[in-house]
Amino acid sequence: MTQRHTLTLNPSKTRAAAHRAMALAALRADSSLSVRLKRFDDHMAKARALEAQEAT
């Protein structure tokens, strides 16, 4: 996997976007539905927390 270096003034915005991408990837993973939903929910919660932190 290649790493992309994003130049941004707000790294939490980039991290939130990464967690949203990981959440969507979790839905497409080859795992049971309960595991996929748990991973999705965990990543989306982190993305929402980072976005809320960014807004304050």
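Remember, it's a predicted structure, so these values are computed and weren't measured experimentally.

Some words on helix α2 (residues 33–55)
- The end-to-end C-alpha distance of α2 is 33 Å, a good match for the 33 Å that 23 residues give at a rise of 1.5 Å each.
- Looking at the buried positions of α2, the neighbouring elements they touch are α1 (11–28).

Details of a nonpolar patch on the surface
- Among the surface-exposed residues, Leu-24, Leu-27, Leu-33 and Leu-37 lie close enough to one another that they form a single nonpolar patch of about 340 Å² accessible area.
- For the nonpolar patch, the elements supplying multiple residues, two or more each, are α1 and α2.
- Within the secondary structure, Leu-24 is located in helix α1.
- Judged by its relative accessible area of 44%, Leu-24 is partly exposed.

Thoughts on the pattern of salt bridges
- In the structure shown here, the tally under the stated rule is two salt bridges.
- Across the salt bridge formed by Glu-51 and Arg-20, the nearest N and O atoms sit 2.3 Å from each other. Separated by 31 residues along the polypeptide, Glu-51 in helix α2 and Arg-20 in helix α1 bring together distant segments of the chain.
- What makes Arg-20 partly exposed here is its relative accessible area of 31%.
- For Asp-42, the salt bridge is made with Lys-38, and the minimal N-O distance between the two is 3.0 Å. Remark: Lys-38 and Asp-42 occur in helix α2; sequence separation between them is four residues, near one turn of the helix.

Describing the environment of Leu-50
- As for its position among the elements, Leu-50 is in helix α2.
- Distance from Leu-50 to Ala-16, taken between C-alpha atoms, is 5.8 Å for residues 34 residues apart in sequence.
- With near-sequence residues (within four places) excluded, Leu-50 lies in contact with Ser-12, Arg-15, Ala-16 and His-19.

Calculation rules
- Residues numbered from 1 in each chain as written.
- Predicted model: local features only at pLDDT ≥ 70, side-chain atom pairs only at ≥ 80, totals over all residues.
- Heavy atoms only, no water.
- Helix = DSSP H or I, 4+ residues; strand = E, 2+ residues; numbered from the N terminus.
- Expected span 1.5 Å × (residues − 1).
- Contact = heavy atoms within 4.5 Å.
- Patch = residues over 30% accessible without salt bridge, like charges linked within 9 Å, V, L, I, M, F, W, Y side chains within 5 Å.
- Areas by Shrake-Rupley, 256 points an atom, 1.4 Å probe, with all protein chains shown as cover.
- Salt bridge = Lys/Arg side-chain N within 4 Å of Asp/Glu carboxyl O.
- Buried < 20%, exposed > 50% of the residue type's maximum accessible area, 1.4 Å probe, protein only.

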